[in-house]
Protein chains: 2
Amino acid sequence: MNVAVIGGGGWGTALARLLSLNGHAVALWCHRPEQVIELRETGCNARYLPGISLPKEWRLESDMAAALQGAEAVVFAVPSKAFREVVMKAAGFSGLAVSVTKGIEYATGLTMCGILREVMPGARRVALSGPTLALEVARDIPSAIVAASEDEEAALRAQELFHRPAFRVYTSGDLLGVEFGGALKNVIAIGAGMCDGLGFGDNSKAALITRAIAEIRRLGVACGAQPETFAGLSGLGDLTVTCFSRLSRNRNFGEQLARGELLSDLLSNTRTVAEGYPTARSAHSLARKLGVETPIIDEVYATLYEGKDIFQAVKDLTSRGTKAED
Amino acid sequence: MNVAVIGGGGWGTALARLLSLNGHAVALWCHRPEQVIELRETGCNARYLPGISLPKEWRLESDMAAALQGAEAVVFAVPSKAFREVVMKAAGFSGLAVSVTKGIEYATGLTMCGILREVMPGARRVALSGPTLALEVARDIPSAIVAASEDEEAALRAQELFHRPAFRVYTSGDLLGVEFGGALKNVIAIGAGMCDGLGFGDNSKAALITRAIAEIRRLGVACGAQPETFAGLSGLGDLTVTCFSRLSRNRNFGEQLARGELLSDLLSNTRTVAEGYPTARSAHSLARKLGVETPIIDEVYATLYEGKDIFQAVKDLTSRGTKAED
């Protein structure tokens with residue numbers, strides 16, 4: 001199949017490599033022309049995927065129209081803040097549109113497939129999400145992920161497109177649940193990183209994760225997701241890896257903040273995007289609109305947007321309730 | 001309150017220290033008289049809790065009757081294989097009996113509080129279980145745990161006994177669910193450690209944990225536990241910390257096996273007990289009796305008791321199903 005991957009960050013590159021290994025004709029679109037030149041000349045994405053050899057037989061483009069030429073499937077792997085703008089450039093596309101971006105648009109409360117529905121109404125929408133650190137996928141370390149769509153056949157097509165022995169793709173009909181799990185866990189991971197940065201240890205983090213999955217489920221269900229989705233790979237699975245792994249950007253972002261780095265410095269680092277930062281604001285706003293209790297998201301939001309002291313926030317979080325189900 | 005802690009391993013010592021800090025009169029019973037002498041002389045438990053200063057005002061005993069003298073509460077922190085034998089020595093006790101041992105007796109399928117019910121019928125039984133690595137608790141790193149009992153007042157008394165700012169105790173009425181979560185996660189942690197030892201990465205582990213909690217719940221519910229307990233601190237919380245932390249014995253045990261160490265060598269190391277080893281056998285047997293599907297427990301069992309190749313077992317585990325809920 002002809003597939004265009006839009007976005008040459010770590011995840012876009014890892015998935016383009018995987019699609020190429022699966023025998024598809026892949027075009028990888030990079031935002032910066034210099035990156036196209038670098039990937040062509042070195043055969044590596046040293047910035048995001050150090051040590052990984054990239055395919056030789058793919059097309060590298062910085063022109064969107066050229067990348068989309070002949071594409072039957074398009075994979076969007078761009079930061080959430082650029083998602084709407086990028087998708088608008090491909091608005092007429094009517095094939096399989098796969099979002100691997102995790103976020104919630106602040107102004108609308110929409111997930112990325114919600115934006116696709118508005119901007120690219122002719123496409124068949126799928127979200128691909130799960131516990132899949134890009135570098136591990138690029139190293140062919142066994143991973144599992146969920147292809148979710150309201151359109152069962154589209155989910156099956158995405159499964160077929162990406163599936164390989166070390167990258168198992170499962171299907172789900174709960175698009176919203178899969179997208180909410182993926183987006184919200186990044187907010188929690190910032191909180192988990194803050195615990196790490198303060199030296200709070202694994203016991204604290206496990207308690208945080210346990211409460212977080214209940215909170216994510218509560219907010220997701222209020223938006224129309226299925227509760228059981230949050231116990232799966234794209235919910236609990238993604239949450240645990242993002243909160244525990246050294247490779248997690250959002251965890252690292254929280255850890256650096258707790259160790260005293262300035263938010264403004266971290267945000268001006270264009271190399272990696274901590275999606276939990278914008279998502280904290282969107283989720284906090286959505287929860288207030290819907291009247292859902294989200295104590296962890298609220299504390300992360302307060303540290304990122306209201307200048308609340310991180311130690312105080314973590315302390316406030318770890319002193320709630322007296323019964324196991326509180 | 002007068003409290004006897006039976007067992008001078010890492011967890012027993014950490015809890016005895018905590019009870020002493022809470023102002024209780026504590027007697028710590030150690031199996032080996034040499035250990036009593038060492039703790040008295042050095043003020044440290046260098047073997048299990050390096051760097052932790054121990055209380056001066058507790059009693060150290062290697063005579064069980066002396067340790068139990070005047071005790072209103074007894075905490076059992078001995079390996080599961082010695083549990084029945086040790087409890088029998090205190091069979092007449094009729095106060096608060098708290099088990100912090102995680103296991104399932106092979107011959108009977110009983111949890112530790114099930115053994116207490118048989119052997120010490122006059123006591124009020126509580127299980128204390130959750131994501132609480134002993135060394136982190138001894139370092140006063142914020143942790144949370146569950147006190148579970150069929151007797152609500154007993155759970156509240158245990159909560160009062162142990163609770164402190166950095167050690168939050170929640171109560172639960174689902175004794176069986178809390179005990180099954182604590183026991184079964186050790187089996188899964190051996191599997192997670194095997195993944196680590198084979199270099200399988202955090203993506204694989206997150207997928208394993210996601211499937212494992214469903215499997216643990218299935219077996220627990222078949223034995224009479226409440227399903228929601230497994231989503232809490234003593235289920236999911238304890239599972240994540242045990243599978244991810246470098247400090248987890250059972251994870252380390254699985255990792256060392258996968259790296260080629262001999263099972264017989266690891267088992268003859270008396271310093272640490274990997275409770276997942278006997279529990280794998282008990283859980284496997286229980287699941288067969290009840291007709292419950294336990295694919296992860298079965299693979300761990302096969303590597304530990306039937307000589308199955310670890311790489312093949314992990315491979316077999318990571319290649320199941322096609323839908324997210326499989």
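If you're wondering where the values come from, they're calculated on a predicted model, not measured in any experiment.

### Observations regarding the overall build of chain A
If you tally the helices and strands in chain A, you get 15 helices and eight strands. Its C-alpha atoms give chain A a radius of gyration of 19 Å, within 12% of the compact-globule value 20 Å for 326 residues. Considered along the principal axes of its C-alpha atoms, chain A spans approximately 60 × 40 × 35 Å. Residues counted as buried form 62% of the 326 residues belonging to chain A. Pairs at least 24 residues apart make up 68% of the contacts formed inside chain A by residues separated by at least 6 positions. Carbon and sulfur atoms make up 50% of the accessible area of chain A, which amounts to about 12,200 Å² in all. In chain A, which carries 34 positive and 36 negative side-chain charges, the distance between the mean positions of the two groups comes to 2 Å.

### Section: the relation of the copies chain A and chain B
Of the transformation placing chain A onto chain B, the axial shift is 0.0 Å and the rotation is 180°, giving an RMSD of 0.0 Å. Such a turn and shift between the copies fits a two-fold axis. In this assembly the copies share their binding face: 100% of the residues contributing to the interface of chain A also contribute to that of chain B.

### Points about the interface of chain A and chain B
Where the parts come together, the accessible area they lose is often given as the size of the interface. Counting residues at the interface gives 47 residues for chain A, matched by 47 residues for chain B. Approximately 3,400 Å² of surface area, both sides summed, lies buried where chain A meets chain B, with 56% of it carried by carbon and sulfur atoms. The interface formed by chain A and chain B holds zero salt bridges in total. Linking chain A to chain B there are 14 residue pairs in polar contact (both at pLDDT 80 or more). Among the secondary structure elements, those contributing two or more residues to the side of chain A that touches chain B are α6 (134-138), β7 (143-148), α7 (152-162), β8 (167-172), α9 (201-222) and α10 (233-244) of chain A. With ten residues, α9(A) is the single largest residue contributor to the side of chain A that touches chain B. Broken down by class, the residue content of the side of chain A that touches chain B amounts to 20 nonpolar, 18 polar and nine charged.

### Notes on the sheet that holds β7(A)
Residue and element names in this part refer to chain A. Reading across from one edge, β3-β2-β1-β4-β5-β6-β7-β8 is the order of the eight strands in this open sheet, with mixed pairing throughout. Whereas interior strands pair on both sides, the edge strands pair on one side only; in this sheet they are β3 (59-61) and β8. The average undirected angle you get between the axes of adjacent strands in this sheet is 25°. Across three bridges, the pairing between strand β2 (residues 25-29) and β3 is parallel. Residue Ala 27 lies in a different strand from β3, and its bridge partner there is Arg 59. Along the sheet face, helix α5 (residues 112-119) touches β4 (73-76), β5 (96-99) and β6 (124-129) and points at about 165° away from the line of β6.

### Quick notes on the nonpolar core
General note: in soluble globular proteins, nonpolar side chains tend to be found buried as a group. Counting 84 residues, the largest nonpolar core has A:Ile188, A:Leu304, B:Ile188 and B:Leu304 as its most contacted members. Once residues within four sequence positions are removed from consideration, B:Ile188 is found in contact with B:Leu208, B:Ala212, B:Ile216, B:Leu239, B:Cys243, B:Ile296 and B:Ile297.

### Regarding the environment of A:Val26
Residues and elements named next belong to chain A. When you line up the elements, Val 26 lands in strand β2. Residue classification places Val 26 among the buried residues on the basis of a relative accessible area of 3%. In sequence terms Val 26 and Pro 55 are 29 residues apart; their C-alpha atoms lie 9.7 Å from each other. Discounting chain neighbours no more than four positions away, the residues touching Val 26 are Val 3, Val 5, Ala 16, Leu 19, Ser 20, Trp 58 and Arg 59.

### Some thoughts on the packing of helix α8 (residues 175-197) of chain B against helix α10 (residues 233-244) of chain B
Residues and elements named next belong to chain B. Contact geometry for α8 and α10: axes closest at 8 Å, N-to-C directions at 25°. One way to sum up the angle between α8 and α10 is to call them roughly parallel. Like other packed secondary-structure pairs, α8 and α10 cross with a definite hand, here right-handed. Touching Val 178, Gly 181, Gly 182, Lys 185, Asn 186, Ile 188, Ala 189, Ala 192 and Asp 196 of α8 are Ser 234, Asp 238, Leu 239, Thr 242 and Cys 243, all from α10.

### Concerning the side chain of A:Ser282
Take A:Ser282: it is sitting in helix α13 (residues 276-290). Those residues in contact with A:Ser282 that lie beyond four places of it in its chain are A:Ile104, A:Glu105 and A:Tyr106.

### A closer look at the pairing of strand β1 (residues 2-6) of chain B
All names here are of chain B. Burial analysis of β1 places four of its five residues in the buried class, which makes it a mostly covered element. Sheet topology note: the β1/strand β2 (residues 25-29) ladder contains five bridges and is parallel. Among the inter-strand pairings, Val 5 is bridged to a residue of β2, identified as Leu 28. In terms of handedness, the path from β1 via helix α1 (residues 10-21) over to β2 forms a crossover that is right-handed. Relative to strand β4 (residues 73-76), β1 runs parallel, the two sharing four bridges. Bridge pairing in β4 places Val 3 opposite Ala 73.

### A few points about the state of the cysteines
Residues and elements named next belong to chain B. Enumeration according to the criterion identifies zero disulfides over all chains in this entry. With no disulfide of its own, Cys 30 has Cys 44 as its nearest cysteine by sulfur position, at a separation of 14 Å. Given a relative accessible area of 27%, Cys 44 falls into the partly exposed group.

The rules behind the values
Residues numbered from 1 in each chain as written. Chains lettered and ligands numbered in written order. Predicted model: local features only at pLDDT ≥ 70, side-chain atom pairs only at ≥ 80, totals over all residues. Heavy atoms only, no water. Helix = DSSP H or I, 4+ residues; strand = E, 2+ residues; numbered from the N terminus. Rg over C-alpha atoms; globule rule 2.2 N^0.38 Å. Buried < 20%, exposed > 50% of the residue type's maximum accessible area, 1.4 Å probe, protein only. Contact = heavy atoms within 4.5 Å. Areas by Shrake-Rupley, 256 points an atom, 1.4 Å probe, with all protein chains shown as cover. Lys, Arg positive; Asp, Glu negative; His and termini not counted. Charge placed at Lys NZ, Arg CZ, Asp CG, Glu CD. Least-squares fit on C-alpha atoms with pLDDT ≥ 70 in both. Buried area = accessible area lost by both parts, 1.4 Å probe. Salt bridge = Lys/Arg side-chain N within 4 Å of Asp/Glu carboxyl O. Polar contact = N/O pair within 3.5 Å; in protein donor to acceptor, adjacent residues only side chain to side chain. Nonpolar A, V, L, I, M, F, W, Y, C, P; charged D, E, K, R; others polar. Pairing = 2+ DSSP bridges. Axes fitted to C-alpha atoms, helices over the stretch in contact; angles between N-to-C directions. Core = buried A, V, L, I, M, F, W, Y, C linked by side-chain atoms within 4.5 Å. Parallel < 35°, antiparallel > 145°, perpendicular 65-115°, else oblique. Left-handed = near helix turned anticlockwise from the far one by under 90°. Right-handed = clockwise from strand over helix to strand, strands pointing away. Disulfide = S-S within 2.5 Å.

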